[in-house]
Amino acid sequence: MVCVVSRTGRQFQRYNKGRRQVVGCIPYRLKTSSDDTFIDEFEVLVISSQKGRALMFPKGGWEVDESVEEAASRESLEEAGVIGDVERQLGKWDFLSKSRGTFYEGLMFPMLVKEELELWPEQHLRQRMWMKVDEAREACRDWWMKEALDILVHRLSSSPPSAMKPLEEDKTVPMISIC
């Protein structure tokens, strides 16, 4: 069951040395040929900011009652309306929040998308669009998300298409309820 309400507020969010911890995903899908075999290409899903002036990957606060993978999965569901396999962490970045003027700690994960929902919590606040990697890199507002995308590209391009499947330690996080 998926409840279509986004979590709000910061009273239950995690901090590390005074820095708010945010977790995000780079949702991606593998391109297939007409005979359903994988080709050496993939697309990533970007979303608009709430005010609609910037493009980025889904991300938000990591809350105390969830694992980092659950937070990444929840943010992708809430902001982009996708469900999938959260894979091995791409990295951790310290960045300056444009709106708050404080430093945050951002953790990014790839997510191999399994399902794109028609209805999701922030569908009236955001737009989502699939892009080629070079288009997404150009369009993405945040430098640290661009770096995460570069790491994902390197990781996926160093694997043959047949191996571009979730690793054993990658997790599909069950979504029981996110209310």
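All values derive from a computational prediction rather than experimental measurement.

> Can you lay out helix α1 (residues 68–80) for me, pointing to particular residues and giving the numbers?
The terminal C-alpha atoms of α1 lie 18 Å apart, and with 13 residues this matches the ideal 18 Å at 1.5 Å per residue to within 8%. Where burial is concerned, most of α1 is hidden: 12 out of the 13 residues are buried. Immediately beyond the C-terminal end of α1, within one or two residues, lies Gly81, with a positive phi of roughly 70 degrees.

> Would you mind going over the pattern of salt bridges in detail, with residue names and values included?
Note that side chains of opposite charge can pair when their charged atoms are close. Following the criterion strictly, the structure yields 11 salt bridges and no others. Residue Arg128 is joined to Glu116 by a salt bridge in which the shortest nitrogen-to-oxygen separation is 3.5 Å. Here Arg128 is found in strand β9 (residues 128–132), whereas its partner Glu116 is found in strand β8 (residues 103–116), with 12 residues between them in sequence. The exposure class of Arg128 is partly exposed, given its relative accessible area of 22%. Given the relative accessible area of 36%, Glu116 is considered partly exposed.

> Explain the pairing of strand β2 (residues 19–32) to me, using residue names and the numbers behind them.
Judged by how many residues are buried, β2 sits mostly within the fold: 10 of 14 residues are covered. Once strand β1 (residues 15–16) ends, the chain turns through 2 residues before running back antiparallel as β2, passing Lys17 with a positive phi of about 55 degrees. In this structure, β2 lies alongside β8, joined through 9 bridges in parallel fashion. What sits directly across from Gly24, in β8, is Met108. When β2 meets strand β5 (residues 59–61), the two strands line up antiparallel, connected through 3 bridges. Each bridged residue has a counterpart across the sheet, and for Val23 the counterpart in β5 is Gly60.

Rules and cut-offs
- Residues numbered from 1 in each chain as written.
- Predicted model: local features only at pLDDT ≥ 70, side-chain atom pairs only at ≥ 80, totals over all residues.
- Heavy atoms only, no water.
- Helix = DSSP H or I, 4+ residues; strand = E, 2+ residues; numbered from the N terminus.
- Expected span 1.5 Å × (residues − 1).
- Buried < 20%, exposed > 50% of the residue type's maximum accessible area, 1.4 Å probe, protein only.
- Salt bridge = Lys/Arg side-chain N within 4 Å of Asp/Glu carboxyl O.
- Pairing = 2+ DSSP bridges.

Function-wise, these values are silent; they only describe arrangement.
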